[in-house]
Amino acid sequence: MIKTDVAVIGGGPAGMCAAIEAANAGAKVIVFERNLSLGGQLVKQTHMFFGSQKQYASKRGFDISKILRDQISQNKNITVMTNATVIGMYEDGVLTIEHDNKYKKVLPRATVVATGASEKFLPFNNNDLPGIYGAGAVQTLMNVYGVKPGDQVVMVGAGNIGLIVSYQLMQAGVKVNAVIDAAPRIGGYLVHASKIRRMGVPILTSTTVKTAHGTECVEGVTLVKLDENWKEIPDSEFYLPCDNLCIAVGLSPLTELMWQIGIEMAYVPQLGGYVPKSNKNMQTSRPEVFVAGDASGVEEASSAMVEGRIAGLNAAKFLGFKTTDTDSKLADYFEQADSLRSGPVGEKIRAGLKLAELD
Amino acid sequence: MRIEKHPILTFEKGETVTFTYNGTVYSGFKGEPIASALHANGVRTLGHTHDKHRPRGLYCAIGNCSSCLATVNGKPNVRICVEPLTKGMVVTQQNGRGVLKND
């Protein structure tokens, strides 16, 4: 049995920040990461981040990942286990993991769940054809491994991910034939939309996928226009060729482990689906289990990092590791989280978080 | 399908190695996922379903969705979107459920 003060499940932006904060407060931390290296989805983010300096604004995602990884490797309180998938969480607090093809048990005194999210899918005819990829997969292929996902793409989803990935595709030398979205308005920031429109890519709203075509791989797609009630408009179908149909229709939190130990959950569409209820300190209905990042509700990487810091500090504090600056740090992180979610852009998230509040 | 020039990124590439896929020899970079090496060689159909024999490719590329299962060096149901490529690997398309050999 491996013993530790704090187990952090997931080495993405939220998990890395949680580990750093808990370790700096004096707790011994183990980070369990199922991939071969830390970083999560940050390593494929080539765009510069928004927010303030404290959240690494104007730095690119993969550079932020490098900064956090360096801090972790220099921290004596943190052990990183890669190729380690947490497969079970038990009521007595035990975690079971598969590490380098071996089954092991872990007994932490507190746990931060930072498992992230998985991509949502869309129902349409032939949606299982090869060449129909999630936006994250497209980013992984082209931004991490330098492989083009196709020669011409139709992007489904005009939220921030759809818009940013469309731009990244063009940077990689791939033609984007159109960005479509079923909603009547572009969901993402207009600064991203204008950028790709200037490069000649049409953004078609009130449009959805009817059928993908192809035998062994996708070769094209029939799209259809929607009316104000989201119903298909008769005879409005049109065809676009593509060898990659990219699906960017949102994410669902990965919450399986928290279901296993009966943590109180809530269905919150604004946060991507079922999420654990948590208080301001990112503490769940199991007092020794904290949550951070997309697993607590889908937002973006900047807020995931702030949530990670809040969860890490509080996990340490829960175990009695408190330093003179714990409370001032926490006050600062709460303020940062509020500012990231402020204004009309954060309205949906604020409403969602209210529904996920632990009484 | 490799990106030749990129305005922001440079790609760290491992040593070039050869491997086989359904008996055909391909080359890729050591350490990259098998599916990425196959994709770079234009191979995008990675299997067929056991019931309706519909073609399958990768979907998530991060080991979540299990759409890319293949047999690698005799071991079935390997998620080749996250399995690192090594020299001389024998990869075969898996049609339907994999078979685990008794040894």
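One can find the structure itself at the top, above this paragraph.
Basis of the calculations
- As a convention, each chain's residues are numbered from 1 in the sequence order in which they are written.
- Each chain takes a letter, starting from A, and each ligand takes a number, starting from 1, following the order in which they are written.
- pLDDT decides what is reported in this predicted model: residues at 70 or higher carry local features, side-chain atom pairs at 80 or more are listed and counted, and totals for whole chains, interfaces and linings draw on all residues regardless.
- Side-chain calculation: all heavy atoms of the structure are included, whereas hydrogens and water are not.
- Two strands qualify as a pair provided DSSP detects at least 2 bridges between them.
- Runs of H or I in DSSP of at least four residues are treated as helices and runs of E of at least two as strands, each being numbered from the N terminus.
- All axes here are fitted lines through C-alpha atoms, helices being fitted over the stretch that makes contact, and every angle between N-to-C directions spans 0 to 180 degrees.
- The contact rule is simple, with two residues in contact once any of their heavy atoms fall within 4.5 Å.
- Each of two parts loses accessible area, computed with a 1.4 Å probe, when they are put together; buried area is these two losses added.
- By convention in these notes, a salt bridge is any Lys or Arg side-chain nitrogen within 4 Å of a carboxyl oxygen on Asp or Glu.
- Any N or O atom pair separated by 3.5 Å or less is treated as a polar contact, with the protein-specific requirement of one donor-capable and one acceptor-capable atom, and with residues adjacent in sequence counted only for side-chain atom pairs.
- When residues are grouped by polarity, Ala, Val, Leu, Ile, Met, Phe, Trp, Tyr, Cys and Pro land in nonpolar, Asp, Glu, Lys and Arg in charged, and all others, Gly among them, in polar.
- Each patch is assembled from residues with relative accessible area greater than 30% and no salt bridge, linking like charges that lie within 9 Å and nonpolar side chains (Val, Leu, Ile, Met, Phe, Trp, Tyr) that lie within 5 Å.
- All accessible-area figures derive from a Shrake-Rupley calculation using a 1.4 Å probe, and residue coverage is judged against the displayed protein chains alone.
- Type-normalised accessible area, obtained with a 1.4 Å probe on protein chains alone, sets the label of each residue: buried when under 20%, exposed when over 50%, and partly exposed for intermediate values.
- For this analysis, a nonpolar core means a set of buried residues of the types Ala, Val, Leu, Ile, Met, Phe, Trp, Tyr and Cys, connected via side-chain atoms within 4.5 Å.

1. Focus on the sheet that holds strand S5 (residues 69-72) of chain B
All names here are of chain B.
Okay, step 1: If you trace the five strands from one edge of the open sheet to the other, you get S2-S1-S7-S5-S6, paired in mixed fashion. Strand pairing shows two members of the sheet lacking a second neighbour, strand S2 (24-29) and strand S6 (75-79), which therefore form its edges. Within this sheet the neighbouring strands show an average axis-to-axis angle of 40°, counted without direction.
Okay, step 2: The sheet contact formed by S5 and strand S7 (residues 90-92) spans two bridges and is antiparallel. Note on S7: the bridge partner recorded for Val72 is Val91.

2. Considering the interface of chain B and chain A
Interfaces are frequently sized by the accessible area removed from exposure as the parts join.
Okay, step 1: Each partner contributes residues to the interface: chain B has 30 residues there, and chain A has 44 residues.
Okay, step 2: Broken down residue by residue, the surface that chain B buries against chain A is led by Ile8, Arg44 and Tyr59 of chain B, which jointly contribute 24%.
Okay, step 3: Residue Asp128 of chain A pairs with Arg56 of chain B through a salt bridge whose shortest N-O separation is 3.0 Å.
Okay, step 4: Along the contact surface separating chain B from chain A lie 14 residue pairs in polar contact (both at pLDDT 80 or more).
Okay, step 5: If you list the elements that add at least two residues to the side of chain B that touches chain A, you get helix H1 (34-40) and strand S4 (55-56) of chain B.
Okay, step 6: Looking at the side of chain B that touches chain A element by element, the count peaks at three residues for H1 of chain B.
Okay, step 7: Grouping the amino acids of the side of chain B that touches chain A by side-chain chemistry returns 16 nonpolar, eight polar and six charged.

3. Points about the sheet that holds strand S8 (residues 132-134) of chain A
Residues and elements named next belong to chain A.
Okay, step 1: Pairing in this open sheet of five strands is parallel, and the strands run S8-S15-S9-S10-S11 from one edge to the other. Sheet topology places S8 and strand S11 (203-204) at the edges, where each strand pairs with a single neighbour.
Okay, step 2: Of the strands in this sheet, S8 and strand S15 (244-247) are in contact with helix H3 (residues 135-144), which crosses S8 at around 90°.

4. Description of a nonpolar patch on the surface
Residues and elements named next belong to chain A.
Okay, step 1: The grouping of Phe50, Tyr189, Val191 and Val345 at the surface amounts to a nonpolar patch, some 380 Å² of accessible area in total.
Okay, step 2: Tracing the chain through its elements places Phe50 in the loop between strand S2 (29-32) and helix H2 (61-73).
Okay, step 3: For Phe50, a relative accessible area of 46% translates into the label partly exposed.

5. Notes on the nonpolar core
Okay, step 1: Ranked by size, the top nonpolar core spans 62 residues in total, and within it Val6, Val29, Phe32, Leu68 and Val112 of chain A carry the most contacts.
Okay, step 2: No other element matches helix H7 (residues 301-318) of chain A, which puts nine residues into this core.
Okay, step 3: Excluding residues within four positions of it along the chain, Leu68 of chain A makes contact with Met16, Cys17, Ile20, Leu42, Tyr56, Met305 and Arg309 of chain A.
Okay, step 4: Grouped together as the second largest cluster of nonpolar side chains are 51 residues, Phe62 and Met170 of chain A together with Ile34 and Leu38 of chain B included.

6. Comments concerning the pattern of salt bridges
All names here are of chain A.
Okay, step 1: Taken as a whole and judged by the stated rule, the model has 16 salt bridges over all chains.
Okay, step 2: The shortest N-O distance in the salt bridge between Arg309 and Glu21 comes to 2.8 Å. On the criterion of sequence distance, the pair formed by Arg309 in helix H7 and Glu21 in helix H1 (residues 13-24) is long-range, its members being 288 residues apart. This pair shows no difference in class: Arg309 is buried, exactly as Glu21 is.
Okay, step 3: A salt bridge links Glu299 to Arg341; the nearest nitrogen and oxygen atoms lie 2.8 Å apart. You can see Glu299 sitting in the loop between strand S19 (289-291) and H7 and its partner Arg341 sitting in the loop between helix H8 (326-340) and helix H9 (347-355), a full 42 residues away along the chain.
Okay, step 4: On the basis of relative accessibility, which here comes to 17%, the residue Glu299 falls in the buried class.
Okay, step 5: Classification of Arg341 as buried rests on a relative accessible area of 12%.
Okay, step 6: One salt-bridge network, in which partners are shared between bridges, spans Glu21, Arg309 and Lys329.

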